[in-house]
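# Architecture and fold: a report
Here are the chains, one letter per residue:
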Amino acid sequence: MTKTASLFISAVIVLFVIYTVHLIKKDKLSIKYSLSWYVLCLILLILVWFPKLLTDLSHLFGIYSPMNFVFFVGFCLSLWIMFILTNIISVQSHKIKRLAQQFALSEKNNEK
């Protein structure tokens, strides 16, 4: 990878981190939901700064091309983020159902 490409990718990652911090400050993004994105950014920065590590890791896992390894890691991280979001949605759905039931009981008690 050329130095220009490494600098460009690093700049994009840093701008993304700055943007997410800005969203956190404005209360539009929760810190606990942004942690997975920060982990992804850190992994990408390490791989951009040390490209030999990417080649070594791809050979260690038996993947022929380093780019295929990048896509595999990206796919795994995407699945991880989707699992986290699915878990959050499930918990919130349960809380909303419980809140609606409590509200209905409260309304019924107020009618008496």
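Before reading on, note that the structure itself is shown above.
Report on the accompanying structure. (Residues numbered from 1 in each chain as written. Predicted model: local features only at pLDDT ≥ 70, side-chain atom pairs only at ≥ 80, totals over all residues. Heavy atoms only, no water.)

## Section: the overall build of the protein chain
Each helix and strand counted, the protein chain has 4 helices and 0 strands in total. Order of helices (α) and strands (β) in the protein chain, N terminus to C terminus: α-α-α-α. Taking the principal axes of its C-alpha atoms as reference, the protein chain extends roughly 75 × 35 × 15 Å. In the protein chain, once contacts between residues fewer than 6 apart in sequence are set aside, the share between residues at least 24 apart is 44%. Accessible surface, the protein chain as shown: approximately 9100 Å² in total, 72% of it carbon and sulfur. Mean positive and mean negative side-chain charge positions of the protein chain (11 and 4 charges, respectively) differ by 5 Å. (Helix = DSSP H or I, 4+ residues; strand = E, 2+ residues; numbered from the N terminus. Contact = heavy atoms within 4.5 Å. Areas by Shrake-Rupley, 256 points an atom, 1.4 Å probe, with all protein chains shown as cover. Lys, Arg positive; Asp, Glu negative; His and termini not counted. Charge placed at Lys NZ, Arg CZ, Asp CG, Glu CD.)

## As for helix α2 (residues 31–49)
Taking 1.5 Å per residue as the helical rise, α2 with its 19 residues ought to reach 27 Å, and the 26 Å between its terminal C-alpha atoms agrees with that figure. The set of residues buried in α2 consists of Ser34, Ser36, Leu40, Cys41, Leu45, Leu47 and Val48. Looking at the packing, one finds that the buried side of α2 touches α1 (3–25), α3 (51–60) and α4 (66–111). (Expected span 1.5 Å × (residues − 1). Buried < 20%, exposed > 50% of the residue type's maximum accessible area, 1.4 Å probe, protein only.)

## Quick look at the side chain of Ser10
Residue placement: Ser10 occurs in helix α1. Of note is the side chain of Ser10, whose polar atom sits 2.8 Å from the backbone oxygen of Ser6. Apart from residues lying up to four places away in sequence, Ser10 is in contact with Leu45, Val48 and Trp49. (Polar contact = N/O pair within 3.5 Å; in protein donor to acceptor, adjacent residues only side chain to side chain.)

## So, α1
For α1, with 23 residues, the first-to-last C-alpha span of 33 Å sits near the 33 Å given by 1.5 Å per residue. Considering only its buried residues, α1 is in contact with α2. Looking at the residues trailing α1, positive phi occurs at Asp27, about 60°.

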